[in-house]
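# Structural characterization, general
Spelled out from the first residue to the last, the chains are:
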Amino acid sequence: MADSEITLCCLLWAHPGTEEALVAYEDGVLTLLPDHGIELEVRAIGDGAQGRPLETQVYRIPSQAALDAYLADPRRTANAAERDRVIARTELFPVVLR
């Protein structure tokens, strides 16, 4: 099943005071998705209030190999320190779009 399409939902919480920086970080790394054949289906930015995530994303990924390549992309990993600075918590899980 390694070549099967995957649809993932990603929830992102910001460290307090880094909300705008989280959005800016995501603006940058999301531009790398097409290089790996990944489509961003939905990107919703909320207020992050009352324990809710600041950002919700849904991706359509052609295969596990494409996801692995995106996660290992040196342009993405070069920004690991910024990611750690602005993102307090991430939840990533498979979904089915209807």
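Everything that follows concerns the structure shown earlier in this document.
The following refers to the structure shown. (Residues numbered from 1 in each chain as written. Predicted model: local features only at pLDDT ≥ 70, side-chain atom pairs only at ≥ 80, totals over all residues. Heavy atoms only, no water.)

## Some details on the environment of L32
Here is the rule: The secondary structure listing takes helices from DSSP runs of H or I that are at least 4 residues long and strands from runs of E that are at least 2 residues long, numbered from the N terminus. Note on exposure labels: buried denotes an accessible area under 20% of the residue type's maximum, exposed denotes more than 50%, and partly exposed covers the range between, all computed with a 1.4 Å probe on protein chains only. Residues count as neighbours in contact if any of their non-hydrogen atoms are within 4.5 Å of one another.
One can find L32 in the loop between α1 (19–29) and β2 (39–45). The buried category is assigned to L32, whose relative accessible area is 8%. Distance in space between the C-alpha atoms of L32 and R76 is 7.8 Å, their sequence separation being 44 residues. Apart from residues no more than four positions distant in its own chain, L32 is found in contact with Y70, D73, R75 and R76.

## Section: the sheet that holds strand β3 (residues 55–61)
Our working definition: Paired strands, as defined in this entry, are two strands with at least two bridges between them according to DSSP. To define axes, lines are fitted to C-alpha atoms, for helices over the stretch in contact only, and angles between the resulting N-to-C directions are given on a 0 to 180 degree scale.
One open sheet accounts for 4 strands, arranged β2-β3-β1-β4; its pairing is antiparallel. The open sheet has two edge strands with one neighbour each: β2 and β4 (87–94). Pairs of neighbouring strands in the sheet enclose a mean axial angle of 15°, with direction left out of account. Relative to the sheet, α1 contacts β1 (6–14), β2, β3 and β4, its axis offset from that of β1 by approximately 150°.

## Digging into the pairing of β1
In terms of burial, β1 is a largely internal element, 9 of the 9 residues being buried. Burial along β1 is two-sided: I6, L8, C10, L12 and A14 facing one way and T7, C9, L11 and W13 facing the other are all buried. Bridge count for β1 against β4 is 7 bridges, and the pairing is antiparallel. Bridged to A14 within β4 is I87.

## Looking at α1
We apply this condition: In this description, the arc belongs to the directions extending from the helix axis to the C-beta atoms.
All of the buried residues in α1 are L22, V23, Y25, E26 and V29. Buried positions in α1, seen along its axis, are confined to an arc of 160° and lie on one side of it.

## Focus on the nonpolar core
Put simply, the rule reads: The definition of a nonpolar core used throughout is a set of buried Ala, Val, Leu, Ile, Met, Phe, Trp, Tyr and Cys residues joined through side-chain atoms within 4.5 Å.
Ranked by internal contacts, the top residues of the largest apolar core, which has 21 residues, are L22, Y59 and I61. Contributions of two or more residues to this core are made by β1, α1, β3 and α2 (64–72). No other element matches the 5 residues that β1 contributes to this core. Once residues within four sequence positions are removed from consideration, L22 is found in contact with L12, W13, A14, L54, E55, V86 and I87.

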